Amino acid sequence: MRAAGVAAAACGFAAVAAAGQGLRSYADKDQRRYVHLADGGLTDNLGLRAFQETIDLAGGLRAFLRKIDRAPNGHLVMISVDASGNAAAGIGLDRRAPSMLQAIDVASDVQLHRYNAATLEQTLQSLQRWTRQLSTPEQAVQPWLVTLTLRDIADPALRQRLAKVPTGFSLEPAQADELIAAGRALLRDNPDFRRLLEALGGTGAASSTK
């Protein structure tokens, strides 16, 4: 058990060191003359692992808060927004076999959602660890992980329409308005967010719209 713990810690330190080395490489202007960006799904679709790595690189959450000149309070809140669609939608309505491109999309979509689930579990564990580190006998810190996803939209027509919005640097104004409204509704109706508002002294749905 002790050897396994040491090995796991060594792997963790190695991962943090590798991430730090990767970040420092951007300071080498001769070797990093251009930056080529790729879709976040290739590394961390939810963007949560990158945040955890940043805290690890800072030496922990308490050290990270000192670096950004913030003090711990009674709540540690993370809101995760998953705007990924459903590549398999509609395939079962056609007698024709899926195309090669559709099959690849579905296969990658399955792996993406499995990775997202693992990321959320890891994030929840990190939140619990960080709140234990920040809590004191005088002030207990409570963790909150609020998860929003397009799949939770109640209206099937709206859910399907938004799932088809492509990834890009620009959207049609109507698409942007629908996404913003859907995100606001999902947050307002999220049970964890409602409980957070109550814990902060809010008044439920009315407070979440501010």
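Values in this document were obtained by computation on a predicted structure and should not be read as measured data.

**Some thoughts on the environment of Thr123**
Next up, step 1: Position of Thr123 among the secondary structure elements: in helix H4 (residues 100-134).
Next up, step 2: When the C-alpha atoms of Thr123 and Phe51 are compared, they prove to be 9.5 Å apart, with 72 residues separating the residues in sequence.
Next up, step 3: Once residues within four sequence positions are removed from consideration, Thr123 is found in contact with Leu48, Gln52, Met78 and Leu145.

**What to know about the pattern of salt bridges**
Next up, step 1: Tallied over the full model, the rule gives 4 salt bridges.
Next up, step 2: Across the pair Glu178 and Arg161 runs a salt bridge, and its minimum N-O distance is 2.7 Å. Placement of the pair is Glu178 in helix H6 (residues 173-189) and Arg161 in helix H5 (residues 156-163), with a sequence separation of 17 residues.
Next up, step 3: With relative accessibility at 27%, the residue Glu178 sits in the partly exposed group.
Next up, step 4: Close ionic contact of Asp189 with Arg188 constitutes a salt bridge, the shortest N to O distance being 3.9 Å.
Next up, step 5: In the salt-bridge network here, residues are joined through shared partners; they are Arg188, Asp189 and Arg194.

**Regarding the pairing of strand S1 (residues 75-82)**
Next up, step 1: Burial of S1 is one-sided: the residues Leu76, Met78, Ser80 and Asp82 facing one way are buried, the residues His75, Val77, Ile79 and Val81 facing the other way are not.
Next up, step 2: One ladder, built from 8 bridges, connects S1 with strand S2 (residues 142-149); its direction is parallel. Bridged to Val77 within S2 is Trp144.

**What to know about the packing of aromatic side chains**
Next up, step 1: Enumeration according to the criterion identifies 2 aromatic pairs in this entry.
Next up, step 2: Measuring from centroid to centroid gives 6.0 Å for Phe51 and Phe64, while their planes differ by 80°, and the two rings are edge-to-face. With Phe51 in helix H2 (residues 48-58) and Phe64 in helix H3 (residues 61-67), the pair connects residues that are 13 residues apart, well separated along the chain.
Next up, step 3: The exposure class assigned to Phe64 is buried, which follows from its relative accessible area of 15%.
Next up, step 4: For the ring pair Phe51 and Trp130, a centre distance of 6.4 Å and an interplane angle of 80° mean the geometry is edge-to-face. Of this pair, Phe51 sits in helix H2 while Trp130 sits in helix H4; the two residues are 79 residues apart in sequence, bridging distant segments of the chain.
Next up, step 5: Phe51 sits in the partly exposed class, given a relative accessible area of 33%.
Next up, step 6: Note on Trp130: relative accessible area 2%, which makes it buried.
Next up, step 7: In textbook terms, an aromatic cluster arises when at least three aromatic residues are bridged by ring pairs, as seen for Phe51, Phe64 and Trp130.

Rules used throughout
- Residues numbered from 1 in each chain as written.
- Predicted model: local features only at pLDDT ≥ 70, side-chain atom pairs only at ≥ 80, totals over all residues.
- Heavy atoms only, no water.
- Helix = DSSP H or I, 4+ residues; strand = E, 2+ residues; numbered from the N terminus.
- Contact = heavy atoms within 4.5 Å.
- Salt bridge = Lys/Arg side-chain N within 4 Å of Asp/Glu carboxyl O.
- Buried < 20%, exposed > 50% of the residue type's maximum accessible area, 1.4 Å probe, protein only.
- Pairing = 2+ DSSP bridges.
- Phe/Tyr/Trp six-rings, centres within 6.5 Å; stacked < 30°, edge-to-face > 60°.

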